[in-house]
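Each chain, letter by letter, is given below.
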Amino acid sequence: MIFERPLPERDSLRRAIDEHYRADETACVRAVLDKLESDQDSGDRIQVTARRLVEAVRSHSKGGLDAFLQQYGLSTQEGVALMCIAEALLRIPDNETQEALIRDKITAANWDRHLGASDSVFVNASTWALMLTGRVVGAERVSGMQGQSAGSVLRRLVARVGEPVIREATVQAMRIMGRQFVMGRNIESALERARDFEKRGYRYSYDMLGEAARTREDADRFFESYRMAIDAIGKSSKGKGIIDGPGISVKLSALHPRYELWNERRIMDEMVPRIHALATLAAGYDMGLNIDAEEAARLDISLDVFDAVSGSDELRGWNGFGVVVQAYLKRAPFVIDWLADMAHRHKRRLMVRLVKGAYWDAEIKLSQELALAGYPVYTRKVNTDVSYLACARKLIADREAFYPQFATHNAHTIAAVLEFAGKDRDFEFQCLHGMGEEIYEEVVEKSAIKRPCRIYAPVGEHEDLLAYLVRRLLENGANSSFVNRIQNEDLPVDAIIADPVAEARGHAFVPHPRIPLPRDIYGPRRPNYAGPDLTDRAELKRLGVAMTEAETVEWTGGPIVAGEERDGERREAFSPADHTRVIGSVGEAGEDDIERALASASDAARAWAETPVEERTECLRRLADLMEAETPQLMAIAIREAGKTLADAVAEIREAVDFCRYYALRAEADCGAGHLLRVPRDDGQTVRVEGGQVFCCISPRDDGQTVRVEGGQVFCCISPWNFPLAIFAGQITAALAAGNAVVAKPAEQTPLIAAAGVRLMHRAGIPGEVLHLLPGDGVKVGAALVSDPRVSGVCFTGSTEVAQTISRTLAKKDGPIYPLIAETGGMNAMIVDSSALPEQVTRDVVMSSFQSAGQRCSALRVLFVQEDVANRMLGMIRGAMEELTVGDPAYLSTDVGPVIDDEAKSMLEGHIKRMRGEAKLLEQVRPGPGTGNGTYVGPAAFELDRLSRLRREVFGPVLHVIRYAADKRDDGQTVRVEGGQVFCCISPWNFPLAIFAGQI
């Protein structure tokens, strides 16, 4: 289970890397500090060197991008506006959307306050252009300028030329800004531009710009781009060698569309040969090839790729193979230990580029979203600086294994590296093209240091610059960035060159207090779900063993009435992934079960409502803990019974757990002792409650002024098969938290996981008399429950048609108006204009349309794409669909599992057949091998000429695409909310004019 073939055993060095993936930050900082003990003289020398560098930089006239980032950092509204414009403007092909973006982002900012605030001609020229653009596009009145100043003349001139000229001027400004980041639009122009700098002692590593490959075509294009670049760089180098000559940097994610741990087999079989081919070509020119680092989740598979390529016999004797280590990773020192061992094993010297890291914000947010045990990165920047110094010492200490390349713009870090190295000069510094230029002029050219610096130089068209540009702006525009701080004259030099080791000790090594652990982001009373980390190979191995053991237990499902599991006629249950596989036995509720459950629930409801709310909520919290503890067992059932993939199964349990803890908090806030609502009485005798209460009834108090929210009713909860634990638990726990008894009717297709959930609820302390499970047919069981007078309310998730039937049934019942809380289907749409990043659109469309086999109410059904970019967008979506794996959901490599049953499969196949005749087929994915016995439907995408082709929601992996023109959004492509209907207004006697007029 989980992996299609057994994973190799890890040695002690790899196990150490695994163990520190999300280790305790305090312990990690303490460990690296132990490697950094130094004498006072050494620390003093570092401070002297660092101070000399900072003062030299500040004495220069500040220009270029460093000054620009100082003015327009992310702490300013203008900096954010610039980032948004630069990220999108150059790829927008149509004038209308370009003008809309400029109008939206530029006119809201206050550019005037930046004019003259910098000594840089580049900054002031840029500010003038942006200020003028903002005034003209915003049609603002010019103020603060007297007479015939140059500014007023220019503004009047620009005002006459109109928005098209402004648009083109802004595009050109973004191109000029892009040139500050990009070495050249192609490798030939970049090599030409680098010659003057090479004469001054600089070296280069060229990076071919572009985002991660989403399609095989993308990967092929990147491979060819890298191959051609190596040829050009190698010929230009003219035998300078791997150290003195230029090299190339390669992104693994650019060479395979599915570069993820769970595609380990494909990565090793398909991508390793590509890296090997590029490395062999680079070795032939005796030039360096460096593998860039990416997200933390990809480190493990990256190390496997490094090992496979480094160990090649064809590459023996070539020491140009290089890798990047990110110091902000808690496991960075252990990665260096492993790389040293690999280098010694393969008898090679590795070029190791030590960086601080470029994905910090994404790593933090992803860890929080997935509620992982901790962060893979440090939460304090100073801790990253300390880690960097510890890693630098490791690299310098093993010169047989490493040629160190220290990538930094930080004066203290540069000074510390020089101190650590002493008289050893066999290393180099590195910096980003366009940044830190003044400080490296001191290091390379002007001071006595005279150490070489290799410039990381992006190469590519402006359209490929965008995402890279934003990442650089985020890194270097942040207030904590050294590039930003060194330009800030208000900061004293001592603050800029402060020793990070001393600062870390001053923080007592604790993580950042404003960044709680992922489990604590909702606060102490609502712990985030501590589920398995599907990017951690060691954890996956443990999860696979536990899930396999769970399958050895016989799974049963049937009526559970008053805490007793009822016997009766049973049938075998089969997996939708394989109809020949028996996964358990189930029984259905009969008339006697229904009657006993309703009678018991009615008798127990009042006592449960009178149970202190603290006791009820404690039951829900215990339930959440039990679900966490039973995660492997619940995942196994969800995968086998509902066809959930591993990722979907984790998400299912995460949502169920969070429902428990969320409703416990809500109950304490709304239903606890002393939680009274002041409600006016209309006639002095009765209480009117506007809006009603979904799970509670309103009980008048003796003081005649207040009411108490309480339960004491019987709710029928009817849940769907597509979220058989999450929605099932969410409905039930909400009703229980409010003090109601529950009779639960799960979907016919998923009674096994419902039974497992109810057993946990009873173990958590929910009385058997309060909660009953009645699986069975919707017509027989569901209809009987809904129509029974003892049922005071219904929770339902499912089709609109069934919800309407329930609503009509409740309306026929005598007594009060019975609440129906219904969640039904609909047509979810996404509208994509020409400013959207195609790679991001592709990722989101494929995920939303086809995850869970499209069997979610929230799934994307209709994609509207602006016709100016439709061909490229749809081409990328088609290519990404081709990379999907449709197969056994028990494997981590599977993207799309089966649909729930034969009925669903038949409906979807019928719709696909109709679409083939009425629409244009864009792509349909074939299910993989071994799917013949399951209810699999390959994801499909169709292009429609109009929305009316869809008669109703299609609940499965089918995407419908419609093109629209940017200037014709009102021609039937959009929806207008309007009336045109007949309403009947029936008003009461007690407000004969007020309510009468209000209704009408």
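Our structure's up above, just so we're on the same page.
So, here's what we can say about the structure.

The next subject is the overall build of the protein chain. Along the backbone of the protein chain there are 36 helices and 26 strands. Evaluated residue by residue, the protein chain yields a buried proportion of 56% over its 1000 residues. At a minimum sequence separation of 6, the contacts of the protein chain that also span at least 24 residues come to 77%. Counting every atom, the protein chain has about 42,200 Å² of accessible surface; 51% of that belongs to carbon and sulfur.

Another aspect to go through is the pattern of salt bridges. For the structure shown, the criterion picks out 64 salt bridges. When the shortest N-O distance is used, the salt bridge between glutamate 192 and arginine 195 registers 2.4 Å. Of this pair, glutamate 192 and arginine 195 are both found in helix α10 (residues 187-199), three residues apart, which corresponds to roughly one turn of the helix. Taking the shortest distance from any N to any O, the salt bridge between glutamate 294 and arginine 298 comes out at 3.5 Å. Among the residues examined, glutamate 294 registers a relative accessible area of 8% and is labelled buried. A relative accessible area of 19% places arginine 298 in the buried class. Bridged by salt links that share partners, the residues Arg10, Arg14, Asp300, Asp304 and Arg537 form one connected network.

Let's shift gears to the packing of aromatic side chains. Summed over the entire model, instances satisfying the criterion amount to ten aromatic pairs. Judged by centre distance (5.6 Å) and plane angle (10°), the rings of tyrosine 204 and tyrosine 206 are stacked. Classification of tyrosine 204 by relative accessible area gives buried; the value is 1%. Looking at tyrosine 206, the relative accessible area reads 0%, which means it is buried. Each ring, one from phenylalanine 429 and one from tyrosine 440, has its centre 6.1 Å from the other, and the planes form 50°; the classification is tilted. Linking phenylalanine 429 in strand β7 (residues 428-432) with tyrosine 440 in helix α19 (residues 437-446), this pair joins segments that are eleven residues apart in sequence. For the pair phenylalanine 429 and tyrosine 440, one class covers both residues: buried. Ring pairing ties together the aromatic residues Phe406, Phe427, Phe429 and Tyr440, which thus form one cluster.

What follows covers a nonpolar patch on the surface. Side chains of Leu993, Phe996 and Ile1000 sit close together on the surface and give an oily, nonpolar patch of about 350 Å² of accessible area. Note that isoleucine 1000 resides in the segment after α36 (994-999). Owing to a relative accessible area of 67%, isoleucine 1000 belongs among the exposed residues under this scheme.

Take the side chain of arginine 454 next. The residue arginine 454 is located in strand β8 (residues 453-459) in this model. Of the polar contacts made by the side chain of arginine 454, one reaches the backbone oxygen of glycine 245; its length is 2.9 Å.

Turning our attention to the pairing of β7. Of all five residues that make up β7, five are buried, and the element is covered over most of its length. Of the two faces of β7, the one holding Glu428, Gln430 and Leu432 and the one holding Phe429 and Cys431 are both buried throughout. In the sheet, strand β6 (residues 402-407) pairs with β7 via three bridges, with the strands oriented parallel. Residue pairing across strands places glutamine 405 opposite glutamate 428, the latter belonging to β7. In this structure, β7 lies alongside β8, joined through four bridges in parallel fashion. Looking at β8, one finds that cysteine 431 is bridged to isoleucine 455.

Moving on, we get to the packing of helix α26 (residues 613-629) against helix α27 (residues 631-642). Geometrically, a packed helix pair is captured by the angle between its two axes and the distance between the axes. Between α26 and α27, the shortest axis-to-axis distance is 5 Å and the interhelical angle comes to 70°. Taken as axis vectors, α26 and α27 run roughly perpendicular relative to one another. Where α26 abuts α27, its residues Met627, Glu628 and Ala629 lie against Thr631, Pro632, Gln633 and Leu634. Considered class by class, the residues forming the contact of α26 with α27 number four nonpolar, two polar and one charged.

Right, let's get into helix α18 (residues 411-421). An α-helical turn contains 3.6 residues, so any two residues separated by three or four positions project in the same direction. Across the eleven residues of α18, ten count as buried, placing the element largely inside the fold. Looking at α18, one finds that the buried residues are Ala411, His412, Thr413, Ile414, Ala415, Ala416, Val417, Leu418, Phe420 and Ala421. The residue sitting at the N-terminus of α18 and contributing the capping side-chain oxygen is asparagine 410; that oxygen lies 2.9 Å from the backbone nitrogen of histidine 412. Phi turns positive one or two residues past the end of α18, at glycine 422, with a value near 60°.

Once that is clear, we can look at unusual backbone geometry. A positive phi angle is found at lysine 450, which is not glycine, with a value near 50°. Tracing the sequence through the fold places lysine 450 in the loop between α19 and β8. Positioned with a positive phi, serine 852 is a non-glycine residue whose angle comes to about 60°. Tracing the chain through its elements places serine 852 in the loop between α33 (838-850) and β23 (862-866).

Read from one edge to the other, the open sheet built from five strands follows the order β22-β23-β26-β25-β24, with strand pairing classed as mixed. Of all the strands in the sheet, just β22 (829-832) and β24 (920-924) have a single pairing partner and so form its edges. Along the sheet, successive strands turn relative to each other by an average axial angle of 20°, direction set aside. Examined bridge by bridge, β23 and strand β26 (residues 958-964) share five bridges and lie parallel to one another. Residue pairing in the sheet places glutamine 866 in a bridge with tyrosine 964 of β26. Strand contacts of helix α34 (residues 867-882): β22, β23, β24, β25 (940-943) and β26, with the helix running at about 135° to β23, the strand carrying the most contacts.

We now examine the environment of asparagine 528. Mapping asparagine 528 onto the fold places it in the loop between α23 (500-506) and α24 (537-550). According to the relative accessible area criterion, asparagine 528 is buried, its value standing at 4%. Considering only alpha carbons, one finds asparagine 528 and arginine 661, 133 residues apart in sequence, at a separation of 8.9 Å. If we ignore the near neighbours within four places in the chain, the residues touching asparagine 528 are Gln368, Ala371, Pro518, Arg519, Ile521, Tyr522, Glu628 and Arg661. A polar contact is formed between the side chain of asparagine 528 and the backbone oxygen of proline 518, at a distance of 3.2 Å.

Basis of the calculations
Residues numbered from 1 in each chain as written. Predicted model: local features only at pLDDT ≥ 70, side-chain atom pairs only at ≥ 80, totals over all residues. Heavy atoms only, no water. Helix = DSSP H or I, 4+ residues; strand = E, 2+ residues; numbered from the N terminus. Buried < 20%, exposed > 50% of the residue type's maximum accessible area, 1.4 Å probe, protein only. Contact = heavy atoms within 4.5 Å. Areas by Shrake-Rupley, 256 points an atom, 1.4 Å probe, with all protein chains shown as cover. Salt bridge = Lys/Arg side-chain N within 4 Å of Asp/Glu carboxyl O. Phe/Tyr/Trp six-rings, centres within 6.5 Å; stacked < 30°, edge-to-face > 60°. Patch = residues over 30% accessible without salt bridge, like charges linked within 9 Å, V, L, I, M, F, W, Y side chains within 5 Å. Polar contact = N/O pair within 3.5 Å; in protein donor to acceptor, adjacent residues only side chain to side chain. Pairing = 2+ DSSP bridges. Axes fitted to C-alpha atoms, helices over the stretch in contact; angles between N-to-C directions. Parallel < 35°, antiparallel > 145°, perpendicular 65-115°, else oblique. Nonpolar A, V, L, I, M, F, W, Y, C, P; charged D, E, K, R; others polar.

Read these as spatial facts, not as claims about activity.
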